[in-house]
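Chains, contacts and geometry: an overview
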Amino acid sequence: MRINFSSAALAALSLAATVTAAPAELVKRQSTVKIMALGDSITGSPGCWRAYLWQKLQQAGIKNTDFVGTLAGQGCGFPYDGENEGHGGFLAVNIANQNQLPGWLSSTKPDIVIMHLGTNDVWNNRPPAQITTAFSKLVDQMRASKASMKILVAKIIPMKPSNCAECGARVVALNSAIGTWAAAKNTSSSTITVVDAWTGFDTVSMTGDGVHPNDAGNRKLADTWFQPLASAIRGLKI
Ligand SMILES: *[C@@H]1O[C@H](CO)[C@@H](O)[C@H](O)[C@H]1NC(C)=O
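Here's a quick rundown of the structure. Here the residue numbers are simple positions, counted from 1 along each chain's written sequence. Residue-level local features of this predicted model are given only where pLDDT is at least 70; pairs of side-chain atoms are given and counted only at 80 or more, and the full residue set underlies all totals for whole chains, interfaces and linings. Excluding hydrogens and water, the side-chain values take into account all heavy atoms of the structure.

**As for the packing of aromatic side chains**
- Two aromatic rings, drawn from Phe, Tyr or Trp (for Trp, its six-membered ring), form a pair once their centres lie within 6.5 Å of each other, and the interplanar angle then sorts them: stacked below 30 degrees, edge-to-face above 60, tilted otherwise. For the coordinates displayed, the defined rule picks out five aromatic pairs.
- Ring geometry for Trp49 against Trp225: centres 5.8 Å apart, planes inclined by 20 degrees, an arrangement best described as stacked. Remark: Trp225 occurs in helix H11 (residues 215-235) and Trp49 occurs in helix H4 (residues 49-59); sequence separation between them is 176 residues. Here Trp49 matches Trp225 in class, with each residue buried.
- Over the ring of Phe226 we find Lys56; its NZ or CZ atom is 5.4 Å from the centre of that ring. Each helix is a run of DSSP H or I of at least 4 residues and each strand a run of E of at least 2, with the numbering of both proceeding from the N terminus. Each residue gets one of three labels from its accessible area relative to the maximum for its type: buried under 20%, exposed over 50%, partly exposed in between, using a 1.4 Å probe on protein chains only. In this analysis the charged atom, NZ for Lys or CZ for Arg, is taken to sit over a ring once it is within 6 Å of the ring centre and within 35 degrees of the ring normal.

Structure representation (structure tokens):
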């Protein structure tokens, strides 16, 4: 989201700045927190849970956000701040091996990354250890972009595509590995918060194809992300 000031408004601002400094709490409230949603088609195509999430933040009075990414938002029925890094079909292992994340980070400079990734890895039968190794590289790249990066990682939603009877169990195994991995990779300066998107998500009523959230699924995902993201935004001192 971009906010444009007219030159007259800018002149007035700089004039005001010479008269008196803005109170500290005003400056803090106005500072923008940049949030990158990183993932695959569940996040980006169209990923309307991000629209509902943005709406919930607005309704909670959390308006100092800028959702960033090299991909434009798609239509979700109402205006929202839609930039994202939800790349349809992408595997975490490929994003890591091909070093795709550093360019996305340098273009957008997020303060918080919220990541729902691994569904395509699971579908392509990549073992959990390979996926969490990729996650470690991605986290290192996030911290290289910003040492105090706040990272929210999802235990991914369940999946039951018609061509993969094993996928449901593979997601459970990945999510278990994510819990262990996140605790080990956590640091006090750059915290990793695990967000459980699996529990309570029903592939029958919340997806159309066993993989991609329908409207009920998008509302569920927005509910899942809201509290942890709101806490991360409020906890930031930038
Ligand atoms: C990481 O550490 C923070 C406190 O610094 C804690 O709140 C959080 O739960 C930890 N995350 C994991 C995955 O253990």
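**Remarks on the nonpolar core**
- In terms of nonpolar packing, the biggest core is built from 68 residues, with Ile112, Ile114, Met142 and Leu229 touching the most fellow members.
- Looking at this core, the element that brings in the most residues is H11, giving eight residues.
- Any two residues whose heavy atoms approach within 4.5 Å at even a single point are treated as in contact. Excluding residues that lie within four positions of it along the chain, Ile112 makes contacts with Val33, Lys34, Ile35, Met36, Met149, Lys150, Leu152, Leu229, Ala232, Ile233 and Leu236. Take the buried Ala, Val, Leu, Ile, Met, Phe, Trp, Tyr and Cys residues and link them wherever side-chain atoms come within 4.5 Å; each set so joined is a nonpolar core.

**Description of the site of the ligand**
- Surrounding the ligand, one finds Ala182, Ala183, Asn186, Thr191, Ile192 and Val194.
- Asn186 has a polar side-chain atom sitting 2.4 Å from an oxygen atom of the ligand.
- Throughout this description, a polar contact denotes any pair of N or O atoms lying within 3.5 Å of each other; where both atoms belong to protein, one of them has to be capable of donating a hydrogen while the other can accept it, and for residues adjacent in sequence the pair is counted only when both atoms sit in side chains. Here a nitrogen atom of the ligand sits 2.8 Å away from a polar atom, N or O, in the main chain of Ile192.
- Residue assignment for the shell around the ligand shows that the elements contributing at least two residues are helix H9 (167-185) and strand S6 (192-196).
- Amino acid classes used here: Ala, Val, Leu, Ile, Met, Phe, Trp, Tyr, Cys and Pro are nonpolar; Asp, Glu, Lys and Arg are charged; the rest, including Gly, are polar. Grouping the constituent residues of the shell around the ligand by class yields four nonpolar, two polar and no charged. It suffices for a single heavy atom of a residue to lie within 4 Å of a molecule or strand for the residue to be listed as near it.

**Focus: the side chain of Asn64**
- Inspection of the secondary structure puts Asn64 in the loop between H4 and strand S2 (65-68).
- Polar contacts involving the side chain of Asn64 include one to the main-chain carbonyl oxygen of Ser31, which spans 3.1 Å.

**Regarding the pattern of salt bridges**
- We define a salt bridge as a side-chain nitrogen of Lys or Arg found within 4 Å of a carboxyl oxygen belonging to Asp or Glu. Per the stated rule, a full pass over the model turns up four salt bridges.
- Asp223 is paired through a salt bridge with Lys56; the nearest N and O atoms lie 2.9 Å apart. Note that Asp223 is positioned in helix H11 and Lys56 in helix H4, a separation of 167 residues in sequence.
- Taking relative accessible area as the criterion, Lys56 reaches 25% and is therefore assigned partly exposed.

**Quick notes on the packing of helix H6 (residues 101-108) against helix H8 (residues 128-145)**
- It is at 10 Å that the axes of H6 and H8 come closest, and there the two elements cross at 30 degrees. With respect to H8, the element H6 is oriented roughly parallel. For the pair H6 and H8, the crossing hand works out as right-handed. Contacts between H6 and H8 involve Leu101, Pro102 and Leu105 from the first element and Leu138, Gln141, Met142 and Ser145 from the second.
- Residues that form the contact of H6 with H8 fall into these classes: five nonpolar, two polar and no charged. Note on definitions: angles span 0 to 180 degrees between N-to-C directions of axes, and those axes are lines fitted to C-alpha atoms, for helices only across the stretch in contact. For classification purposes, an angle smaller than 35 degrees is called roughly parallel, one larger than 145 roughly antiparallel, one from 65 to 115 roughly perpendicular, and anything else oblique. Left-handed describes a crossing whose near helix is turned anticlockwise from the far helix through less than a right angle; right-handed describes the clockwise counterpart.

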